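Observations on chain architecture
Take a look at the letters that make up each chain.
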Amino acid sequence: MNVSHSTHRPQTLISNRLQPGGTGRCELVSRFNGFGGASRKPLKRLSAFTALNTWLKPGANERGNRCLRRLAIWLLGPLLAFLATTASARTITLKPEAVDAFATLSESHPRSGWAAQQIDPTLFVSNPPIGGANTSYLVRYSFDQIPKGNRITHAEWVVPVGFAATSTVTVWRVLAEWGIGVCHQFRMVHPKRLEWSVPGARGRSVDRATKPTGSGKFEPGMVHVTVNVTQDVELWHGGAAPNRGWLLAFDGPCILISPTHAGRQQWQLRVTYEPE
Amino acid sequence: MRRLGSALLGLLLAFTLPAATLPREFEVTPTPLAEPPAFITQVVVSNALCAAVREASSLLVVGQRSTNDQHLAVFRLGANGLPAGEPTRLALPKPAVLAKHANYPLGLLFHPRLPVLYVWQDISAPPQDQQEKHAAFTNWLEFEHLLIYAVKPTGLELVETAAHGVGFHCGLTGGTVGLDAAGKMLFLPNSIGATYDEAGIAYYALDEQGLPVDSDEADAGKSRVKAGKEKPLASRFARTVVALQRKRTHRYYPSGAGWFAGSDAMVMGGYSGCMSADFQRGGLRQSWFTTLEFAGHCVLAGHPNQPAIYLAMQNTPRLFQLAHADGYVSLLPQVASAKGVQLQGAPVVLTQQARVAVGAAKSVCLFGLEADGRLDGKVEQVTLPSASVRAMAYAEKRGRLYVAVDKGN
């Protein structure tokens with residue numbers, strides 16, 4: 001990159017101590033300046049390199065230089081291979097470890113954000129999670145594992161279920177922000193008490209999207225359903241909409257595999273992306 | 001070549017540096033501290049099991065296992081918060097027929113407003129499948145688990161005993177008492193569930209003096225001590241005769257392993273998780289949170305100012321941090337594993353130091369906290385002269401953590 005083409009005046013990026021003249025280091029730093037434009041921010045990022053250059057000063061540490069050269073040659077191959085792979089599409093599988101928020105919305109216990117399985121009128125437990133017409137789940141993934149500068153080309157979500165389930169699961173993109181204290185009645189209680197527009201995040205276009213993202217029917221012998229969630233992941237990863245996760249709603253009773261307990265590895269979100 | 005080398009190293013660092021955000025589940029190696037921090041005050045009480053401090057009365061009480069009937073060590077605290085002189089020793093009462101069996105305190109709790117100390121004690125007993133109505137358990141039916149002491153200028157004075165009979169299990173090593181947010185309901189651990197290995201909980205309504213009272217009288221604001229006729233918390237001790245409410249939990253013993261009073265629900269530590277309990281249509285409703293893939297006895301404490309509770313899974317390295325709202329557990333927990341540490345006893349929240357202290361063998365672990373009560377990923381470890389550190393109490397105004405140790409430094 002040639003900085004003379006820039007419309008900005010190159011900034012002085014080397015301290016006085018590092019301007020011995022005729023060493024060529026100025027040229028190196030100017031190239032880095034080209035990456036960051038004319039802002040002050042790249043200067044901080046360059047401090048490590050300038051310090052390294054000081055250490056690499058001819059004669060200052062010849063033995064160290066030799067070692068570094070060997071290291072550089074040794075690293076060059078793997079680095080080039082790594083860069084080559086990043087240039088093409090990749091698919092990663094987000095496991096339940098990437099789930100960063102989870103909650104139960106149960107009409108029969110409107111304040112509980114965890115325990116939805118009702119054993120008797122006075123006892124609710126959290127595992128296994130049982131979905132139903134009056135019980136739904138909020139699940140949010142973190143997409144930190146997908147590098148920035150990539151676009152999502154495909155995403156599918158595998159929702160596992162216990163045996164003998166026959167209900168339909170519908171996946172909705174959640175629009176309203178939710179947090180500590182989320183439950184059937186509230187979308188958050190701390191730091192502010194906020195209710196869903198319709199309890200259970202049922203308010204279309206306010207609590208959840210106008211149309212469902214997708215759906216699938218559990219049938220005997222079927223251990224999971226797969227829902228295409230490409231559009232939602234693309235919206236979130238691209239920053240067009242905040243990531244507030246999905247709502248899993250059911251039309252009848254079904255036992256899910258818990259995304260937080262034994263067997264949780266069956267929950268998978270497969271995302272394919274490629275450089276923009 | 002030098003340029004290439006520096007560029008390569010820079011790229012390598014960029015790809016290998018750890019992410020700034022803390023994973024929800026993480027393992028951390030505790031940083032050993034050369035000296036105990038200044039906010040820790042050690043008191044020598046061997047085989048200590050529990051402790052409580054009441055700043056308004058400048059009183060620190062430590063409960064211990066004892067072979068010579070010295071179960072409570074009562075320290076007077078000076079103006080600087082340090083123990084002033086040797087402690088007064090108290091024995092916990094038990095029926096004469098059980099004289100050969102060792103009783104021991106498991107939990108101490110001062111009422112936040114009233115000068116009352118609740119003590120939960122237990123005693124060595126027949127195996128758990130030979131209790132309740134079993135003939136071998138007959139002698140234990142008179143053992144009183146709950147002892148209520150009045151805090152007086154002269155010291156502690158036993159005023160009432162309660163919680164005995166077939167309704168309670170004996171011989172346990174965990175469980176304590178808890179008060180609701182209003183201080184009007186006292187929750188008890190280790191009552192009998194539906195089977196011999198299932199724990200229940202129990203609760204008393206309290207009158208204006210912090211003594212058990214029948215629920216209907218509590219609702220009417222009545223007290224058993226008539227004003228003007230008898231001095232409050234008179235110097236007599238009696239067995240309570242009021243009705244006790246009990247509830248099965250569907251979980252193993254011990255129950256009541258730490259309590260936190262939310263504004264709408266109580267949270268209780270228990271087997272493999274914690275329970276939120278609220279009252280609905282006159283009955284106690286339980287909602288259980290189960291600790292993910294791990295099983296074991298969990299002891300709980302809550303942050304007094306932030307929406308966070310802490311579960312220490314006993315004899316494991318795991319500390320869970322859960323959010324709650326008004327006492328209802330919420331969202332996914334943080335799970336910290338302190339490498340090489342087996343946690344013991346109840347967590348203690350140090351509000352001024354932004355840490356949670358949890359005992360361990362010969363040490364205390366100090367888990368760092370963010371401003372919102374979440375774990376920050378840092379753990380410090382303080383070595384102390386005690387085989388097992390379990391008894392700790394925190395004086396919030398003074399910012400001082402009292403730790404009972406086996407011997408002096």
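Residues numbered from 1 in each chain as written. Chains lettered and ligands numbered in written order. Predicted model: local features only at pLDDT ≥ 70, side-chain atom pairs only at ≥ 80, totals over all residues.

For the rest of this paragraph, the subject is the overall build of chain B. Secondary structure assignment for chain B yields two helices and 31 strands. Going through the 409 residues of chain B one by one, you find that 48% of them count as buried. Residue pairs in contact within chain B that sit at least 24 positions apart in sequence constitute 56% of those at least 6 positions apart. (Helix = DSSP H or I, 4+ residues; strand = E, 2+ residues; numbered from the N terminus. Buried ≥ 20, exposed ≤ 12 C-beta atoms within 10 Å, placed from the backbone. Contact = placed C-beta atoms within 7 Å.)

Residues and elements named next belong to chain B. Ala51 and Leu300 are the most contacted members of the largest nonpolar core, which has 172 residues in total. It is strand 25 (residues 328-338) that provides the largest number of residues to this core, a total of seven residues. Excluding anything up to four places from it in sequence, alanine 51 contacts Leu60, Val61, Val62, Gly63, Leu108, Ala391, Met392, Ala393, Tyr402 and Ala404. (Core = buried A, V, L, I, M, F, W, Y, C linked by C-beta atoms within 7 Å.)

With that settled, the discussion passes to the sheet that holds strand 9 (residues 116-123) of chain B. All names here are of chain B. Taken together, five strands build an open sheet; the order of strands is 8-9-10-11-16 and the sheet is mixed. Only two strands of the sheet have a single neighbouring strand rather than two, namely strand 8 (103-110) and strand 16 (238-239). Pairing geometry for strand 10 (residues 146-152) and strand 11 (residues 155-162), over seven bridges, is antiparallel. Paired with valine 151 across the bridge in strand 11 is leucine 156. (Pairing = 2+ DSSP bridges.)

On average, residues of chain A carry a pLDDT of 76, and 70% of them reach 70 or more. In this model residues 1-60 of chain A is a low-confidence stretch, pLDDT under 50, and it forms 50 contacts with partners more than four residues away in sequence or in other chains. (pLDDT = per-residue confidence, 0-100.)

With that out of the way, let us pick up helix 4 (residues 230-238) of chain A. Residue and element names in this part refer to chain A. Those residues of helix 4 not exposed but buried are Asp232, Val233 and Trp236. Down the axis of helix 4, the buried side of the element spans an arc of 95°, and every buried residue falls inside it. Buried-residue contacts for helix 4 involve strand 7 (150-160), strand 8 (168-173) and strand 15 (268-275). Of the residues flanking the end of helix 4, it is glycine 239, one or two places downstream, whose phi is positive at about 85°. (Arc of directions from axis to C-beta.)

Residue and element names in this part refer to chain A. Read across the sheet, four strands follow the order 1-15-7-12 without closing on themselves; strand pairing throughout is antiparallel. Two strands bound the open sheet, and with one partner strand each, they are strand 1 (90-94) and strand 12 (224-228). When the angles between neighbouring strand axes are averaged without regard to direction, this sheet yields 20°. Pairing geometry for strand 7 and strand 15, over eight bridges, is antiparallel. Looking at strand 15, one finds that histidine 154 is bridged to threonine 272. Across the face of the sheet, helix 4 comes into contact with strand 7, strand 12 and strand 15 while running at roughly 130° to strand 7. (Axes fitted to C-alpha atoms, helices over the stretch in contact; angles between N-to-C directions.)

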